[in-house]
Amino acid sequence: MNGPDEWDGPELPSGPGERPRIPAPRPAAEDHGPLPDATPAPPPPSEPFVPPVPPVPPVTPVPPVVPAPPVPLRDPAAEAHGDLSGNPSADPVDDAEGGAGDGAGDAGTADSPVHTSNTGNTGNTSNTGGPTDAEAPPAEPPRAAAPREHSSRAPEAEPMTDPAAPPAPLPGPASAPPHRVLKSLLGAWALSACSAEETAAVEAHLTDCASCADEAVRLRDAVGLLHPADSLDLDPLLRSRVLEGCLGRRPARIPVPQWAAPYDAETAKLDALLRDMGEAEWRAPVRLRWFEGERPVERQTTVAGVIGHLMAVDGLVATALGLPDPLGTAAPPGTPDPLIRTETLWRGCSGTGSPLATHEPWREQSYALMRQVSFAGGKVAELAVPYGDFRLALRDAFLDRAFECWVHAGDIADAVDYPYEAPAAAHLNRMVDLAARLLPSALADRRRAGLASPPQRLVEAGAPGRTLHLEVEGNGGGHWYIALDSPGALGTPDHTVAHIALDSAEFCQLAAGHISPEDAAAGQHGERDAIREVLFATASLSRL
């Protein structure tokens, strides 16, 4: 080379009228043979290549350092027209080296060519002021220059955060919604339809806003009216109310007698309970309880056995009205007794496969009884129905069957864990009235059996005598005056010697034999003996 602008070699291919900017590489000294033994020259003062190291994780997150893309090897032919980026004046090696190995004449000159030898596995730079070929190191891998905007040095780690520095302030709580928004949420809040955040915001607002608090109270009261806490079961009086409304608009051509209405209602309630039960529940054990003499008695059976018992005793009323006996030819001869008839039917039904076999016959018999008394009208009200050692008029027999149907339906409901309601107030009052009217006869029977003290004095039939005031409180209650000395005597308030007060439900449980006279929570006043005898006489009204 004669000068920086003169070229003494062959022309390289280029454009017309254009000289190549970069000459062909010169042969290195080691290409002509082994080098003589010489002390290797110290490395050039240029900065050694340091491989990139992974960055130290900083305390605070920083953007990751993107490594520089590799620079492809330069092609002299391509470089004659410019570098890979299309910029003929850019020389990344010149900037990467920083001019440390250039001679005095080329230092800091952007257009100074850099000769790189890629022959073999060695590489050195050759400039006018740089080290000679003899002083070059024996083997140095070629280096690819980093882009102009990146440095080949390892990235420096971010400075550690000072632990003594105060932490960054946390974001403050979100501001509460405005008043109009919270007021619009009161309806959803009253219906419990708000989210947890909305509920907290509304309830916090109610403590500060009196007008919204008043409106919230009114809305909650309105929601209580919209959602009454009623049972999912149908009201047992629904049927009676529907029939009453229908009959009020168009009276029945064949009306049901009022004294038979309690039996009609209680059989319908029990039928609804039985239709809601599965076959397994029909086999549930049921405990029947009653009172005999001075002690309680129990009998274990099933739901099917209870329905069979009701059908057998209802058969006494059916035969009195001329209807078929449910026992058929198996009916015991002689005086009909409820206990004997029940045991006879139980023995006959013991071999049947399904426990539901007694349901439909019992319900058909109750329908037949209601049809019969409805067609007969008031002519059969005083017809006598035998109950073993005593008789009842047909009107009282229907009340007795209604009372027993309600009591045993409660036994079934307790066995299958099902709620059951008491009779209507008007029907319950008729049942309590029947029990109160039977008490003088029950007292006389206990005296004949030696279970009660004899009367203090004899009283003629129809004459007033010693009287006990029976007060039954609650649903279906009332006041009754019980003659103590004779079944034919007349009980009057003027001759009252004792007073008993009982709840209607507790009085019915005592008359059914479900609680003992000693356990009856009765308000008592007056003669203790008279009170005790009336309580035991009430329990003696029960039977299987």
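No experiment lies behind these values; they were computed from the predicted model shown. (Residues numbered from 1 in each chain as written. Predicted model: local features only at pLDDT ≥ 70, side-chain atom pairs only at ≥ 80, totals over all residues. Heavy atoms only, no water.)

A. The overall build of the chain, seen in detail. Scanning the chain from terminus to terminus reveals 16 helices and ten strands. The long-range share in the chain, meaning contacts at least 24 apart out of those at least 6 apart in sequence, stands at 68%. Element-wise, carbon and sulfur atoms account for 57% of the exposed surface of the chain, whose accessible area totals about 32,300 Å². (Helix = DSSP H or I, 4+ residues; strand = E, 2+ residues; numbered from the N terminus. Contact = heavy atoms within 4.5 Å. Areas by Shrake-Rupley, 256 points an atom, 1.4 Å probe, with all protein chains shown as cover.)

B. Main features of the side chain of T344. Take T344: it is sitting in helix 11 (residues 338-349). By relative accessible area, which is 14% here, T344 ends up buried. Contacts of T344, omitting those with residues within four sequence positions, involve L327, A330 and P332. (Buried < 20%, exposed > 50% of the residue type's maximum accessible area, 1.4 Å probe, protein only.)

C. Region of interest: the sheet that holds strand 10 (residues 523-526). The four strands lie next to each other as 8-7-9-10, forming an open sheet whose pairing is mixed. Strands at the two margins of the open sheet, each flanked by one partner only, are strand 8 (478-483) and strand 10. When strand polarity is set aside, the average angle formed by the axes of neighbouring strands in this sheet is 30°. Contacting strand 7 (464-473) and strand 8, helix 14 (residues 425-448) crosses the sheet at an angle of about 15° to strand 8. (Pairing = 2+ DSSP bridges. Axes fitted to C-alpha atoms, helices over the stretch in contact; angles between N-to-C directions.)

D. Focus on the pattern of salt bridges. As enumerated under the stated definition, the model contains 21 salt bridges in all. Here R341 makes a salt bridge to D325, at a shortest N to O gap of 2.7 Å. Placement of the pair is R341 in helix 11 and D325 in the loop between helix 10 (303-320) and helix 11, with a sequence separation of 16 residues. Judged by its relative accessible area of 4%, R341 is buried. With a relative accessible area of 22%, D325 lands in the partly exposed category. (Salt bridge = Lys/Arg side-chain N within 4 Å of Asp/Glu carboxyl O.)

E. Region of the structure containing the packing of aromatic side chains. Within this structure, the stated rule accounts for five aromatic pairs. When the ring of W259 is compared with that of F398, the centres are 5.6 Å apart and the planes differ by 70°; the resulting orientation is edge-to-face. Of the two residues, W259 is situated in the loop between helix 7 (238-249) and helix 8 (261-275) and F398 in helix 13 (residues 394-415); the sequence distance between them amounts to 139 residues. With centroids separated by 5.4 Å and ring planes inclined at 90°, the aromatic side chains of Y263 and F398 adopt a geometry described as edge-to-face. Linking Y263 in helix 8 with F398 in helix 13, this pair joins segments that are 135 residues apart in sequence. For the pair shown, Y263 and F398 are each scored as buried. Grouped by ring-pair contacts, the aromatic residues W259, Y263 and F398 constitute a single cluster. Geometry around W189 places R220 over its ring, the cationic atom sitting 4.2 Å from the centre. (Phe/Tyr/Trp six-rings, centres within 6.5 Å; stacked < 30°, edge-to-face > 60°. Lys NZ or Arg CZ within 6 Å of the ring centre and 35° of its normal.)

F. A look at the environment of V373. Relative to the helices and strands, V373 resides in helix 12 (residues 359-376). The residues contacting V373, other than those within four sequence positions of it, are P257, W259, A260, L321, L394 and F398.

G. Main features of helix 5 (residues 196-206). Buried within helix 5 are the following residues: V202, H205 and L206. Buried residues of helix 5, viewed axially, fall in a sector of 100°; they line one side. Among the exposed residues of helix 5, those oriented more than 90 degrees off its buried face are A196 and E197. Buried-residue contacts for helix 5 involve helix 3 (179-184), helix 4 (186-190) and helix 6 (210-226). (Arc of directions from axis to C-beta.)

H. Quick look at the pairing of strand 9 (residues 490-503). Relative to strand 9, strand 7 runs parallel, the two being bridged by nine bridges. Considered in strand 9, the bridge of T467 is made with T496. Of the pairings in the sheet, the one linking strand 9 to strand 10 comprises four bridges and is antiparallel in character. Along strand 10, the bridge assignment pairs A501 with G523.

I. Summary view of the nonpolar core. Counting 57 residues, the largest nonpolar core has V317, L394, F398, L468, L470 and I500 as its most contacted members. Per-element tally for this core: the top contributor is helix 14, with eight residues. Among the nonpolar cores identified, the runner-up in size contains 27 residues, and L274, A312, W346 and V416 belong to it. (Core = buried A, V, L, I, M, F, W, Y, C linked by side-chain atoms within 4.5 Å.)

J. Just the pairing of strand 8, in detail. The pairing of strand 7 with strand 8 spans six bridges and is antiparallel. The residue of strand 8 that forms the bridge with E471 is H479. Taking the residues that link successive antiparallel strands as the turn, the strand 7-strand 8 hairpin has four residues, and the phi of G474 there is positive, at about 90°.

K. Representation of unusual backbone geometry. With phi around 60°, S192 is a residue other than glycine that occupies positive phi space. The backbone of D417 shows a phi angle near 55°, a positive value even though the residue is not glycine. Positionally, D417 belongs in the loop between helix 13 and helix 14. With a relative accessible area of 70%, D417 lands in the exposed category.

L. A look at the side chain of D264. Position of D264 relative to the elements: it lies in helix 8. The residues contacting D264, other than those within four sequence positions of it, are R239 and M370.

M. Inspection of the packing of helix 8 against helix 13 at higher detail. The N-to-C vectors of helix 8 and helix 13 enclose an angle of 20°; their axes lie 8 Å apart at closest approach. Classified by the angle between their axes, helix 8 and helix 13 sit roughly parallel to one another. Handedness of the helix 8/helix 13 crossing: left-handed. Judged by residue contacts, P262, Y263, E266, T267, L270 and L273 of helix 8 engage F398, L399, R401, A402, C405, W406, A409, I412 and A413 from helix 13. Looking at side-chain class alone, the contact of helix 8 with helix 13 contains twelve nonpolar, one polar and two charged residues. (Parallel < 35°, antiparallel > 145°, perpendicular 65-115°, else oblique. Left-handed = near helix turned anticlockwise from the far one by under 90°. Nonpolar A, V, L, I, M, F, W, Y, C, P; charged D, E, K, R; others polar.)

N. Summary view of the packing of helix 13 against helix 14. Interhelical geometry of helix 13 versus helix 14 gives an angle of 110° and a closest axis separation of 10 Å. Taken together, the axis directions place helix 13 and helix 14 in an arrangement best described as roughly perpendicular. The hand of the helix 13/helix 14 crossing is left-handed. Counted together, D396, L399, D400, A402, F403 and W406 of helix 13 and L428, R430, M431, L434 and R437 of helix 14 form the full contact between these two elements. When the residues that make up the contact of helix 13 with helix 14 are grouped by side-chain class, the tally is seven nonpolar, no polar and four charged.

Any functional reading would require information beyond the geometric quantities listed.
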